[in-house]
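Descriptive structure summary
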Amino acid sequence: YPPLEPLKDILTRWPQDELDNPYMPFEEKLLHFDFMDPVQREAATKFRDNNLPFKVYNVPELSRAGEKWIDDDYIADSFHQSRREKPKGKDLIKNPAAETKDGRMKRLITGA
C-alpha cells in the first residue's frame, strides 16, 4: 500500500503541463479516514505511526481555518499584525551559537 506504478505511466495519463486538469476519471488510491469517527481516527493514527500515506477529512479545526481564510480582510489583518510584531536588532538572533567571536554574523543579520 499504496499500489506503485512507474512515473512514466502517471505522466502519460497526466502530463506535467496539465497539472490543473487531472485526467478523468481520477482513481483515488489513498485511504480516507473520518476524523470525527474514533475508530477511523485510530486507524489514521496507526497509518501515521507507520509512515503510510492517507487522507483525513471532517477535521473541525481545518474547517474553521478554511472559513477564516476565505475572508481577505482576515488575511490582510494577519499580515499587518505580523509586521507590527516583527523583532528588531539583536532580537533577530535566536541562536547564540550562530554568532562568531568577532560578531560578523550579528552584523550580517542585524546590520549593527
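Described in the following lines is the structure provided in the data block. (Residues numbered from 1 in each chain as written. Predicted model: local features only at pLDDT ≥ 70, side-chain atom pairs only at ≥ 80, totals over all residues. Heavy atoms only, no water.)

On to helix α2 (residues 38–49), then. In an α-helix there are 3.6 residues to a turn, and that puts residues three or four apart on one side. Its twelve residues place the ends of α2 16 Å apart at the C-alpha level, agreeing with the 16 Å of an ideal helix rising 1.5 Å per residue. In this structure Asp37 caps α2, since a side-chain oxygen of it lies 2.9 Å from the backbone nitrogen of Val39. Following α2 by one or two positions, Asn51 has its phi on the positive side, about 55°. (Helix = DSSP H or I, 4+ residues; strand = E, 2+ residues; numbered from the N terminus. Expected span 1.5 Å × (residues − 1). Polar contact = N/O pair within 3.5 Å; in protein donor to acceptor, adjacent residues only side chain to side chain.)

Another point: unusual backbone geometry. A cis amide bond, omega -20°, links Tyr1 with the succeeding residue Pro2. The topology assignment puts Pro2 in the segment before α1 (7–13). The amide bond that connects Met24 to the next residue, Pro25, takes the cis arrangement and shows omega of -5°. Structurally, the position occupied by Pro25 is in the loop between α1 and β1 (32–34).

Throughout the structure, instances matching the rule amount to seven aromatic pairs. With centroids separated by 6.1 Å and ring planes inclined at 75°, the aromatic side chains of Trp14 and Tyr23 adopt a geometry described as edge-to-face. Between Phe47 and Phe54 the ring centres are 6.3 Å apart and the planes differ by 75°, which places this aromatic pair in the edge-to-face class. Phe47 gets classed as buried once you look at its relative accessible area, which sits at 17%. Here the aromatic cluster, defined as three or more aromatic residues joined through ring pairs, consists of Tyr1, Phe33, Phe47 and Phe54. One residue, Arg41, lies across the ring of Phe35, its end atom 5.0 Å from the ring centre. (Phe/Tyr/Trp six-rings, centres within 6.5 Å; stacked < 30°, edge-to-face > 60°. Buried < 20%, exposed > 50% of the residue type's maximum accessible area, 1.4 Å probe, protein only. Lys NZ or Arg CZ within 6 Å of the ring centre and 35° of its normal.)

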